Amino acid sequence: AQSVAQPEDQVNVAEGNPLTVKCTYSVSGNPYLFWYVQYPNRGLQFLLKYITGDNLVKGSYGFEAEFNKSQTSFHLKKPSALVSDSALYFCAVRDFAPSGTYKYIFGTGTRLKVLA
Amino acid sequence: DAGVTQSPTHLIKTRGQQVTLRCSPKSGHDTVSWYQQALGQGPQFIFQYYEEEERQRGNFPDRFSGHQYPNYSSELNVNALLLGDSALYLCASTRRVLSYNEQFFGPGTRLTVL
């Protein structure tokens, strides 16, 4: 079964410093990986995805993610954190059914706190 | 271009009651999925609708049912509510279930069961 793991419940980083939010995956076949962000009392906002191609994926709001097949990781990164980046971040993998339909399997989430 | 919309925003029910949540997909999208997000957890897949049929279902009891209309909007129905059904219910839409497009999520409906 497909799964993703987010090993850190919370990450604290000072404003202006680089940030990393970790995600590891376990899939059979090629992984389709996603990062979403959730602000309080809001739904999920898409940040970026890896389907195929370059291992470094650039997304919204200056975020990027590095796909590492050997380490089965898909860490979210940003060179310089903003206080407004403080939110809940979810890693997800697309799980395909034999019929070709799919669902998303989400990690447990990592709360990012950027300190001014 | 309106994104995914959900109604109502908040809902309070008592145990044993029934509830209906509604979702309108993003313009141009024809596939709707529903997720349950309990407090402190990641979203869990409930089911997915495409061409007015349930195409895939997660590990949820039959008390959870749904419907998709010809205009692609969708409803999630939960019968015989339990305290454990209290959660944020998220609707997500995409264009064509077999595509590689990402899902776009609505703001959710917060259901509280007392």
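To be clear, the structure that these remarks concern was listed above.
Bear in mind the structure is a predicted one, so any value in this text is a computation, not a measurement.

What counts and what doesn't
Numbering of residues starts from 1 in each chain and follows the order in which that chain's sequence is written. Chains carry letters from A onward and ligands carry numbers from 1 onward, assigned in written order. Selection of residues for local features in this predicted model requires a pLDDT of at least 70, selection of side-chain atom pairs for listing and counting requires 80 or more, and totals for whole chains, interfaces and linings are taken over all residues. The basis for every side-chain value is the complete set of heavy atoms in the structure, and neither hydrogens nor water enter the calculation. To qualify as a helix, a DSSP run of H or I must reach at least 4 residues; to qualify as a strand, a run of E must reach at least 2; elements of each kind are numbered from the N terminus. For the radius of gyration, the atom set is restricted to C-alpha positions; the globular benchmark scales as 2.2 Å times the number of residues to the power 0.38. Residue exposure (1.4 Å probe, protein chains only): buried if accessible area is under 20% of the type maximum, exposed if over 50%, otherwise partly exposed. Contact criterion: two residues are considered in contact whenever any of their non-hydrogen atoms come within 4.5 Å of each other. Shrake-Rupley sampling with a 1.4 Å probe provides the accessible areas, and residues are treated as covered by the protein chains on show and by no other component. Note that His is not counted, nor are the chain ends; the positive residues are Lys and Arg, and the negative ones are Asp and Glu. The atom standing in for a charge is NZ when the residue is Lys, CZ when it is Arg, CG when it is Asp and CD when it is Glu. Note on terminology: disulfide denotes any pair of cysteine sulfur atoms within 2.5 Å. Reported buried area values correspond to the accessible surface (1.4 Å probe) lost by two parts on association, with both partners' losses combined. Each reported salt bridge corresponds to a side-chain nitrogen of Lys or Arg within 4 Å of a carboxyl oxygen of Asp or Glu. Counted as a polar contact is a pair of N or O atoms within 3.5 Å, where, for protein atoms, one must be capable of donating a hydrogen and the other of accepting one, and residues adjacent in sequence contribute only when both atoms are in side chains. Polar here means any residue outside two lists: the nonpolar Ala, Val, Leu, Ile, Met, Phe, Trp, Tyr, Cys and Pro, and the charged Asp, Glu, Lys and Arg; Gly therefore counts as polar.

Novice: For this particular structure, what's the right way to read the overall build of chain B?
Specialist: Helix and strand content of chain B: zero helices and 11 strands. When the helices and strands of chain B are read in sequence order from the N terminus, they spell out β-β-β-β-β-β-β-β-β-β-β. Whereas a compact globule of 114 residues would reach a radius of gyration of roughly 13 Å, chain B reaches 13 Å, a difference of no more than 12%. Every one of the 114 residues in chain B was classed for burial, and the buried ones make up 52%. In chain B, the share of contacts with a sequence separation of at least 24, taken over all contacts with a separation of at least 6, comes to 53%. Put simply, chain B shows about 5400 Å² of open surface, and 48% of that area lies on carbon and sulfur atoms. Within chain B, the 10 negative side-chain charges are centred at a point lying 7 Å from the centre of the 10 positive side-chain charges.

Novice: Sorry, what's going on with the state of the cysteines here?
Specialist: The final tally for this structure, using the stated rule, is two disulfides over all chains. Between the sulfur atoms of Cys-23 of chain A and its disulfide partner Cys-91 of chain A the distance amounts to 2.0 Å. With the S-S bond torsion at -60°, the cross-link from Cys-23 of chain A to Cys-91 of chain A turns out left-handed. One end of the pair, Cys-23 of chain A, is in the loop between β3 (19-21) and β4 (24-26); the other, Cys-91 of chain A, is in strand β10 (residues 87-96), and 68 residues separate them in sequence. Considered together, Cys-23 of chain A and Cys-91 of chain A belong to a single accessibility category, that of buried residues. In this model, Cys-23 of chain B is linked to Cys-91 of chain B through a disulfide, with the two sulfur atoms separated by 1.8 Å. The S-S bond linking Cys-23 of chain B to Cys-91 of chain B shows a torsion near -60°; that makes this disulfide left-handed. Here the residue Cys-23 of chain B occupies a position in strand β3 (residues 19-24), and Cys-91 of chain B occupies one in strand β9 (residues 87-94), the gap between them amounting to 68 residues. On the basis of relative accessible area, Cys-91 of chain B is assigned to the buried category, the value being 0%.

Novice: I tried to follow the interface of chain A and chain B on my own but got confused; where do I start?
Specialist: Interfaces are often described in size by the accessible area the parts lose on coming together. Counting residues at the interface gives 23 residues for chain A, matched by 23 residues for chain B. Both sides together, the interface formed by chain A and chain B hides about 1800 Å², and carbon and sulfur atoms give 53% of it. Along the contact surface separating chain A from chain B lie one salt bridge. Our count for the contact surface shared by chain A and chain B stands at eight residue pairs in polar contact (both at pLDDT 80 or more). Looking at the side of chain A that touches chain B, the elements that each hand over two or more residues are β5 (33-38), β6 (44-50), β10 and β11 (102-106) of chain A. Tallied by class, the residues present in the side of chain A that touches chain B amount to 11 nonpolar, seven polar and five charged.

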